Amino acid sequence: MKTCIIYHSYSGVTRGIAEKISAACGGDLVEVAPKDNYSTLSAYSLGCLRARKEACDPISPDSIDVSSYDLIVIGTPVWAWKATPAINGAIAALIGCEGKTAVIFATCGSSAKDTLPIIKSKLEQKGVRITGEVVLSKSEISKNEKINDLITAVRTATGSG
Ligand SMILES: Cc1cc2nc3c(=O)[nH]c(=O)nc-3n(C[C@H](O)[C@H](O)[C@H](O)COP(=O)(O)O)c2cc1C
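Residues numbered from 1 in each chain as written. Predicted model: local features only at pLDDT ≥ 70, side-chain atom pairs only at ≥ 80, totals over all residues.

Caption draft 1: Geometry of the overall build of the chain. Helices and strands together make up the secondary structure of the chain, namely 6 helices and 9 strands. In summary, the chain has a C-alpha radius of gyration of 14 Å against a globular reference of 15 Å for 161 residues, a match within 12%. For the chain, the C-alpha atoms occupy an extent of roughly 45 × 35 × 25 Å along the three principal directions. For the chain, buried positions account for 42% of its 161 residues. Taking contacts inside the chain between residues at least 6 apart in sequence as the whole, the part at least 24 apart equals 79%. (Helix = DSSP H or I, 4+ residues; strand = E, 2+ residues; numbered from the N terminus. Rg over C-alpha atoms; globule rule 2.2 N^0.38 Å. Buried ≥ 20, exposed ≤ 12 C-beta atoms within 10 Å, placed from the backbone. Contact = placed C-beta atoms within 7 Å.)

Below is the structure:
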């Protein structure tokens, strides 16, 4: 079972979780970044506006071919209660994802609200089946419980759980 862990991280939290999943379950890490980087000011103004609109940022890498993977893990920070425009761009940039399974997660300050349902729907439109969803709020990130839930969801999806 090959796993591809795709994530965006503005300030490092989501990257840290993605690295923990990779360390525990294996899997290749693919960090996506907007081609036009956000400053703190533009993240809270333009970035949040684009997140609310569910807009796709042009990202690096331009496309993500997951055809050689069995499981996709996608992680996003929450911006304005939704996924970041970079993760929307990453989902749009997925190639070869039809028929695959995915585990999705979001890291947030306190509330992820619409984030995972929206990502789930976008992935389902591309023929991806979601088998696990985990939200990690700031207070939960320092504890192991939710991270363990996420690792269990990934292991279960790979058949090693
Ligand atoms: C522009 C911006 C908007 C945010 N909006 C929310 C929000 O709507 N709800 C929330 O709980 N946290 C919000 N946060 C906090 C982040 O989701 C949280 O700190 C996340 O873990 C950061 O992940 P990262 O370090 O991988 O970028 C926001 C942070 C930024 C920078």
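Caption draft 2: The arrangement of the site of the ligand in detail. Around the ligand, 21 residues are found, and the nearest of them are Ser9, Val13, Thr14, Pro77 and Gly109. The set of elements that each furnish at least two residues to the shell around the ligand consists of helix 1 (13-25), helix 2 (40-52), strand 5 (71-79) and strand 8 (101-108). Sorting elements by how many residues they give to the shell around the ligand places helix 2 first, with 4 residues. Class assignment for the residues of the shell around the ligand results in 11 nonpolar, 9 polar and 1 charged. (Near = placed C-beta within 6 Å. Nonpolar A, V, L, I, M, F, W, Y, C, P; charged D, E, K, R; others polar.)

Caption draft 3: Representation of the environment of Gly89 in the model. On the secondary structure map, Gly89 appears in helix 3 (residues 85-92). What makes Gly89 buried here is the crowd of 24 C-beta atoms within 10 Å. C-alpha of Gly89 to C-alpha of Ala55: the two residues are 34 residues apart in sequence and 7.7 Å apart in space. Other than its neighbours up to four places away in sequence, Gly89 contacts Val32, Cys56, Asp57, Pro58 and Ile59.

Caption draft 4: Broad picture of the environment of Val128. The topology assignment puts Val128 in the loop between helix 4 (115-125) and strand 9 (129-137). Here Val128 falls in the buried class, since 23 other C-beta atoms lie within 10 Å of it. C-alpha of Val128 to C-alpha of Thr101: the two residues are 27 residues apart in sequence and 5.6 Å apart in space. Other than its neighbours up to four places away in sequence, Val128 contacts Ile72, Cys97, Lys100, Ala102 and Leu123.

Caption draft 5: A look at the pairing of strand 9. Here strand 8 pairs with strand 9 via 8 bridges, running parallel. Bridged to Val103 within strand 9 is Gly132. Taking the sense of rotation as the criterion, the β-α-β connection linking strand 8, helix 4 and strand 9 turns out right-handed. (Pairing = 2+ DSSP bridges. Right-handed = clockwise from strand over helix to strand, strands pointing away.)

Caption draft 6: Representation of the nonpolar core in the model. Residues Ile6, Ile21, Ile72, Val73, Ala102, Val103 and Val154 are the most contacted members of the largest nonpolar core, which totals 46 residues. Listed by contribution, the elements that provide at least two residues to this core are strand 1 (3-8), helix 1, strand 5, helix 3, strand 8, helix 4, strand 9 and helix 6 (145-158). In contact with Val103, other than residues within four places in its own chain, are Leu71, Val73, Thr131, Gly132, Ala153, Val154 and Ala157. (Core = buried A, V, L, I, M, F, W, Y, C linked by C-beta atoms within 7 Å.)

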